[in-house]
Every structure is written in structure tokens, then in C-alpha cells.
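# Structural overview for review
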Amino acid sequence: MRFIKYIQVFLISVWVSHAAYSQKVTVKTQVQTTVSIECTADGCFGSYYGKEFIDGSDVAHQFSNTMSAKVGDKLKELYSKDKYVKVDFTNIDMSTEGMGSGMVTYKLKIPFVTVATKCDAYTSFDHVGGWNHAPSLPRRKKELSSLLLPGESLDISKLKKTPEGLQEYWIQWKNKNTQKRCNK
């Protein structure tokens, strides 16, 4: 399944000054943002191309949210088809080209590995991260704790970093609704 989204039209405000007056001019420009995600039985692969920040919000980093949702959906889909997998944290690949230029290409590869039984599988996925700041892992662990099966814990990757400053912890767990029969 492919997921592609286009966002266009950003407003740029410019103040034009002259000795006798000031006037605000708004110019519409076409800036295309492209998000592409493809998920298979082997994992989810995708990219974001567009603005790095809009009004101080790190919109490029929000691609991690989009990818996490797609990965979680694919894990559940595979589980429902008796294909038991989990995310292969070791081989997650992240790149962020153009950071600091205003436009960035953020590429992400989240591979899966097959596991032996349905109770070895994971069916939920998320992340915590940030650009040029350390992720708040303790806060995220607390937020996700209510989603766990009794006796289970979050499976958390080592901190992944790109040379341009993106830092992510990737998190997977057994979905308490999907895998309720795996309750310890």
C-alpha cells in the first residue's frame, strides 16, 4: 500500500519599508511537500520532502509520527494473517539530508523480522525523538504504559541519530487488544 500526500501553498509575509510608509505584502508561493510510504511483509519504507519548520513547528520530524502509525497498522495486518513479525531495531535506517537549509529530505526504513510464535510478535509501534534535542524517553514510557498487557514491557531501540541532528528512540509492544491471548 502506498501513502502519498501533497501539501501546497505557504504564505510568506514581507514587510516593505520606505521612508514615508510601511506596508505588509503577502506573497503566495507554491512549495510542495511530498510524503511517500510503502509497507510490505518485509517492513515499511518511506520519505518526506518539504519544509523543515513551519511557524516554529518541526513539520519534517512529524514524518516519524506518520511512519509509526503505518508501521503499527502493518504489524497488526500481518498478525491477523498469522504472519508473526517484529521491527528489526538494529537495521532501522534514517537519513535527513538538507537539515538547516529550510527544505529537508527525511528517509526512513523500518524493517521487520519473522518471529517463532504469535506471542513473540509485536503489534504496536511508536517513537520519541527530536531534532537537535534529546528525546524525552521517560515521559514517553509513562504515556505508553497504559497500553501494555499485564506483565509486559516496552521494547525500546538504542538511540538512533542522523549526522544532521535527528534523534529517535523507536518503541514496540504487544497491543493489549490484538494480543490479549498473550497475557502472561
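Time to look at the state of the cysteines. When the sulfur atoms of two cysteines share a covalent bond, that bond is a disulfide. For the structure shown, the criterion picks out two disulfides. A sulfur-sulfur distance of 2.1 Å marks the disulfide that ties C39 to C44. Between C39 and C44, the S-S dihedral sits near 110°, and the bridge is therefore right-handed. The two residues C39 and C44 agree in class, both being buried. In the chain, the cysteines engaged in disulfides, taken in order along the sequence, are linked 1-2, 3-4.

Before going further, it helps to spend a moment on the side chain of K160. For K160, the position within the fold is in strand 11 (residues 160-161). Notably, K160 is buried but unbridged: the nearest opposite-charge side chain belongs to D88, and the N-O separation is 7.6 Å. Discounting residues that sit within four places of it in the chain, K160 has contacts with F89, T90, I92, M94, L166, Q167, E168 and W170.

Time to look at the nonpolar core. Ranked by internal contacts, the top residues of the largest apolar core, which has 27 residues, are V71, V87, Y106, L108, I110 and W170. Mapped by element, the contributors of at least two residues to this core are strand 4 (33-40), strand 5 (43-51), helix 1 (63-80), strand 6 (85-87), strand 8 (103-114), strand 9 (124-131) and strand 12 (166-173). The contact partners of I110, leaving out residues within four places of it in the chain, are D42, G43, C44, M67, V71, V87, I92, F125 and W170. The next biggest cluster of nonpolar side chains, apart from the first, holds eight residues, and it includes L144, L148, Y169 and W173.

So, about the pattern of salt bridges. The final tally for this structure, using the stated rule, is six salt bridges. Residues R139 and E143 are paired through a salt bridge, measuring 3.1 Å at the closest nitrogen-oxygen approach. With a gap of four residues between them, R139 and E143 both fall in helix 2 (residues 137-144), about one helical turn apart. Taking relative accessible area as the criterion, E143 reaches 37% and is therefore assigned partly exposed. Salt-bridge contacts for K174 lead to E152; the nearest nitrogen and oxygen are separated by 3.7 Å. Highlighted residues: K174 in the segment after strand 12 and E152 in the loop between helix 2 and strand 10 (155-156), separated in sequence by 22 residues. With respect to class, K174 is no different from E152; both count as buried. Put simply, D126, R139, R140 and E143 are held in one network by salt bridges that share partners.

Criteria and thresholds
- Residues numbered from 1 in each chain as written.
- Predicted model: local features only at pLDDT ≥ 70, side-chain atom pairs only at ≥ 80, totals over all residues.
- Heavy atoms only, no water.
- Disulfide = S-S within 2.5 Å.
- Buried < 20%, exposed > 50% of the residue type's maximum accessible area, 1.4 Å probe, protein only.
- Helix = DSSP H or I, 4+ residues; strand = E, 2+ residues; numbered from the N terminus.
- Lys, Arg positive; Asp, Glu negative; His and termini not counted.
- Salt bridge = Lys/Arg side-chain N within 4 Å of Asp/Glu carboxyl O.
- Contact = heavy atoms within 4.5 Å.
- Core = buried A, V, L, I, M, F, W, Y, C linked by side-chain atoms within 4.5 Å.

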